[in-house]
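Fold and geometry: a report
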Amino acid sequence: MPNIKSAIKRVELTRIRTERNKAVKSRVKTAIKKFRAALEQGDSAAAEKLRQAIRTIDKAVTKGVLHPNTAARKKSRLQRLFNKTSA
């Protein structure tokens, strides 16, 4: 446990940011899972789920939780999966 006041503040900020990042990452994973589930069921709302997943990924990049290249890779994979099943 830190003794210095600034170090105590840093520990608290790190904890807060970790919780926020965990929530954002969880949101991204959930959106991706919902899209994949809709795709497997042949749901007509799969295109909407894809849009929501991409939007969630973009928001994670804006917040600095995901690296832009990671987001691009995830979006590309989802789009390829969608194109493959809809074609």
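Please refer to the structure placed before this passage.
Only a predicted model underlies this, so the values are computations on that prediction, with no experimental measurement involved. Within each chain, residues carry numbers counting from 1 in the order of the written sequence. Predicted model: local features are reported for residues with pLDDT of at least 70 only, side-chain atom pairs are reported and counted for 80 or more only, and whole-chain, interface and lining totals are derived from all residues. Side-chain measures were taken over the full set of non-hydrogen atoms in the model, leaving aside hydrogen atoms and water.

**Concerning the nonpolar core**
- Residues belong to one nonpolar core when they are buried, are Ala, Val, Leu, Ile, Met, Phe, Trp, Tyr or Cys, and are joined through side-chain atoms within 4.5 Å. Burial classes: relative accessible area under 20% of the type maximum marks a residue as buried, over 50% as exposed, and values in between as partly exposed (1.4 Å probe, protein chains only). One finds Val28, Phe35, Leu50, Ile57, Ala60, Leu78 and Phe82 to be the most contacted residues of the largest nonpolar core, which totals 18 residues.
- Elements that contribute at least two residues to this core include exactly α1 (5–40), α2 (46–62) and α3 (68–86).
- Here a helix means four or more residues in a row that DSSP labels H or I, a strand means two or more in a row labelled E, and each is numbered from the N terminus. Broken down by element, the residue count for this core peaks at 7 residues, all from α1.
- Any two residues whose heavy atoms approach within 4.5 Å are treated as being in contact. Residues within four places of Ala60 in sequence aside, it is in contact with Val24, Val28, Val65 and Leu66.

**Things to note about the pattern of salt bridges**
- For salt bridges, the criterion is a side-chain nitrogen of Lys or Arg within 4 Å of an Asp or Glu carboxyl oxygen. The tally for this structure, following the rule as stated, stands at 4 salt bridges.
- In this structure, the salt-bridge partner of Arg15 is Glu12, at a minimum N-O distance of 2.5 Å. Pair noted here: Arg15 and Glu12 are both in helix α1, with a separation of 3 residues, about one helical turn.
- Residue class for Glu12 comes out partly exposed when judged on its relative accessible area of 37%.
- We note a salt bridge from Arg51 to Glu48, for which the minimum N-O separation is 2.7 Å. With Arg51 and Glu48 both in helix α2, this residue pair falls 3 residues apart, about one helical turn.
- A relative accessible area of 57% means that Arg51 is categorised as exposed.
- Glu48 gets classed as partly exposed once you look at its relative accessible area, which sits at 36%.

**Some details on a positive patch on the surface**
- Residues with no salt bridge and a relative accessible area higher than 30% make up the patches, which join like charges within 9 Å and nonpolar side chains (Val, Leu, Ile, Met, Phe, Trp, Tyr) within 5 Å. Here the open area of atoms and residues is found with the Shrake-Rupley method and a 1.4 Å probe, where only the protein chains shown may cover a residue. In this count, Lys and Arg are taken as positive residues and Asp and Glu as negative ones, while His and the chain termini are left out. A charge is said to be at NZ when it belongs to Lys, at CZ for Arg, at CG for Asp and at CD for Glu. A contiguous patch of positive charge on the surface is contributed by Lys25, Lys29, Lys33, Arg73, Lys74, Arg77, Arg80 and Lys84.
- For the positive patch, the secondary structure elements donating two or more residues are α1 and α3.
- Here the positive patch gets 5 residues from one element, more than from any other, and that element is α3.
- Tracing the backbone through its elements, the reader meets Lys74 in helix α3.

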